[in-house]
Amino acid sequence: MATAIELKNVVKRFGEFNAVDDVSFSVEEGTICGFLGPNGAGKTTSIRMILDILRPTSGSISILGEKNASLVRDRIGYLPEEKGLYKKMTAAGIIAYFATLKGMPKKEARSIARELLQKYGLGPFMDHKCEALSKGMGQKVQVLASIAHSPDLVILDEPFSGLDPVNQEVMEEVIRDLKSQGKTVLFSTHVMSHAERICEDIVVIAAGKLAFNGTVQQAKAILPRRVRVGGESIEKVIPSLDGIVSCTPVQDGREGVLELIVEETTDSRNLLKSFFDAGVALDIFEVVKPDLHEIFVHLVGEDAREAAHR
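Because the structure is a prediction, the values reported are computed rather than measured.

**Comments concerning the overall build of the chain**
From N to C terminus, the chain includes 10 helices and 13 strands. Buried positions account for 45% of the 310 residues belonging to the chain. When the accessible surface of the chain is summed, it comes to about 15,700 Å², and 50% of that surface belongs to carbon and sulfur atoms. Here the chain contributes 37 positive and 43 negative side-chain charges, whose respective centroids are spaced 9 Å apart.

This is the structure we're talking about:
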């Protein structure tokens, strides 16, 4: 599979401050990649370097096979972090306008603008001026303006910010639709639920450094396997069971419930059988599957806390 974006040892300094520090990762064509990190991690700076808005202090970046985004700018769609619209233009008009800036004929641009607005729930507002739209509507219009010219690569900087739950679902639908059309999508966010639902791959940065680059499933394998158990006389038999690394009380307020760290090769079904063979009547037996939020906190929690106190 070809590579849509590749960063090699990229550094960006502002004075003595390293906003991005020796970051390397790649995004394959036709995939959805979440670019994750806490506030101030370096996500927006990285995106601006990918788009050649900022130049890296050192390192190299390639995009759609070129060394400079300006050479392929008509094949790129971009939603910036700072969002805004021309207030006196209509929703359909502004989408069509941006499409023509990317080389699309005016008639086709107007048709595509109306088609997109209708498809994603803004049909009744297509002729409304942007100043009359809600914040969420305006943001959806700007997203549609970034994809109306059918770019091969779409880069969205915090596309879910400020959207209500319904419009967040619409945004996820937009991203999935782009994937179904063979497009590549890179979007930044610090809300893990969106990335977990729609991403195949994720890149995590914290304090300007790469913390993880891989698939969502690979990320979930970072934390050890856990099982939560509850019942009488559990603690007495645990030392005699195979495959248990550690045992601690859970932190969710449930009394008598223990969380077991188990070896990677331990089969949960065999563990359950071992408890019954030992004569323990279990009230609770839960195999804990980590979500991406938990993985994220594990990867960047300390760096994020340090950054918050700088």
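What follows picks up the thread again.
**Here we look at the sheet that holds strand β13 (residues 282-288)**
With antiparallel pairing, the 4 strands of this open sheet are ordered in space as β11-β12-β10-β13. Two strands close off the open sheet at either side, each with one partner strand: β11 (244-249) and β13. Neighbour-to-neighbour, the strand axes of the sheet open up by a mean angle of 20°, direction not taken into account. Sheet analysis places β11 next to strand β12 (residues 257-262), joined by 5 bridges and oriented antiparallel. Counterpart to I244 in the pairing with β12 is V262. In this fold helix α9 (residues 268-277) packs onto β10 (225-231), β11, β12 and β13, with an angle of close to 165° to the strand it touches most, β13.

**Considerations on helix α3 (residues 106-119)**
Compared with an ideal rise of 1.5 Å per residue, which puts 14 residues at 20 Å, α3 spans 20 Å between its outermost C-alpha atoms and is within 8% of the ideal. When we look at burial in α3, the residues that qualify are A109, A113, L116 and L117. For α3, the angular spread of the buried residues around the axis is 95°, confining them to a single face. For α3, exposure combined with an orientation more than 90 degrees from the buried face picks out K107 and Q118.

**Some points on the sheet that holds strand β8 (residues 201-206)**
What the 6 strands build is an open sheet, ordered β5-β6-β7-β3-β8-β9; its pairing is mixed. Lying at the two open borders of the sheet, with one neighbouring strand each, are β5 (76-79) and β9 (209-215). Taken pair by pair, the neighbouring strands of this sheet meet at an average axis angle of 15°, ignoring direction. Here β8 runs beside β9; their pairing, made up of 6 bridges, is antiparallel.

**Looking at the side chain of Q139**
Looking at where Q139 falls in the secondary structure, it is placed in helix α4 (residues 135-147). With a relative accessible area of 5%, Q139 lands in the buried category. Not counting chain neighbours up to four residues away, the residues in contact with Q139 comprise K83, E158, P159, F160, S161 and L163.

**Structural notes on the nonpolar core**
I95, L117, I175, F187 and I202 are the most contacted members of the largest nonpolar core, which totals 51 residues. Broken down by element, the residue count for this core peaks at 6 residues, all from helix α2 (residues 91-101). Filtering out sequence-adjacent residues up to four positions away, F187 remains in contact with I32, C33, G34, F35, L156, P159, F160, I175, A195, I198 and C199. One finds I5, C33, F35 and I47 within the second-largest nonpolar core, a separate group that totals 26 residues.

**Observations regarding the pattern of salt bridges**
Following the criterion strictly, the structure yields 16 salt bridges and no others. Here E131 ties to K88 by a salt bridge, and the two come within 3.1 Å at their closest N and O atoms. Separated by 43 residues along the polypeptide, E131 in the loop between α3 and α4 and K88 in the loop between β5 and α2 bring together distant segments of the chain. A relative accessible area of 60% places K88 in the exposed class. With a shortest N-O distance of 3.0 Å, E200 and K179 are connected by a salt bridge. You can see E200 sitting in the loop between α6 (192-198) and β8 and its partner K179 sitting in helix α5 (residues 165-180), a full 21 residues away along the chain. Using a relative accessible area of 31% as the deciding quantity, one classes E200 as partly exposed.

**Thoughts on the layout of surface pockets**
In this model, the largest pocket occupies a volume close to 450 Å³. Lining the largest pocket are 18 residues; nearest its centre among them are I76, G77, Y78, F98 and K102. Where the lining of the largest pocket is concerned, the elements lending two or more residues are β5, α2 and α4. Grouping the constituent residues of the lining of the largest pocket by class yields 9 nonpolar, 6 polar and 3 charged.

**Thoughts on helix α1 (residues 43-50)**
Most of α1 sits out of view: 7 of its 8 residues are buried. Among all positions in α1, only K43, T44, T45, S46, I47, M49 and I50 are buried. Downstream of α1 by a residue or two, D52 has a phi angle that is positive, lying close to 65°.

Parameters and conventions
Residues numbered from 1 in each chain as written. Predicted model: local features only at pLDDT ≥ 70, side-chain atom pairs only at ≥ 80, totals over all residues. Heavy atoms only, no water. Helix = DSSP H or I, 4+ residues; strand = E, 2+ residues; numbered from the N terminus. Buried < 20%, exposed > 50% of the residue type's maximum accessible area, 1.4 Å probe, protein only. Areas by Shrake-Rupley, 256 points an atom, 1.4 Å probe, with all protein chains shown as cover. Lys, Arg positive; Asp, Glu negative; His and termini not counted. Charge placed at Lys NZ, Arg CZ, Asp CG, Glu CD. Pairing = 2+ DSSP bridges. Axes fitted to C-alpha atoms, helices over the stretch in contact; angles between N-to-C directions. Contact = heavy atoms within 4.5 Å. Expected span 1.5 Å × (residues − 1). Arc of directions from axis to C-beta. Core = buried A, V, L, I, M, F, W, Y, C linked by side-chain atoms within 4.5 Å. Salt bridge = Lys/Arg side-chain N within 4 Å of Asp/Glu carboxyl O. 1 Å grid on protein atoms, 1.4 Å probe; cavity = no way out; pocket = protein on both sides within 12 Å on 5 of 7 lines; lining within 4 Å. Points joined across faces, edges and corners; volume = space filled by probe spheres on them. Nonpolar A, V, L, I, M, F, W, Y, C, P; charged D, E, K, R; others polar.

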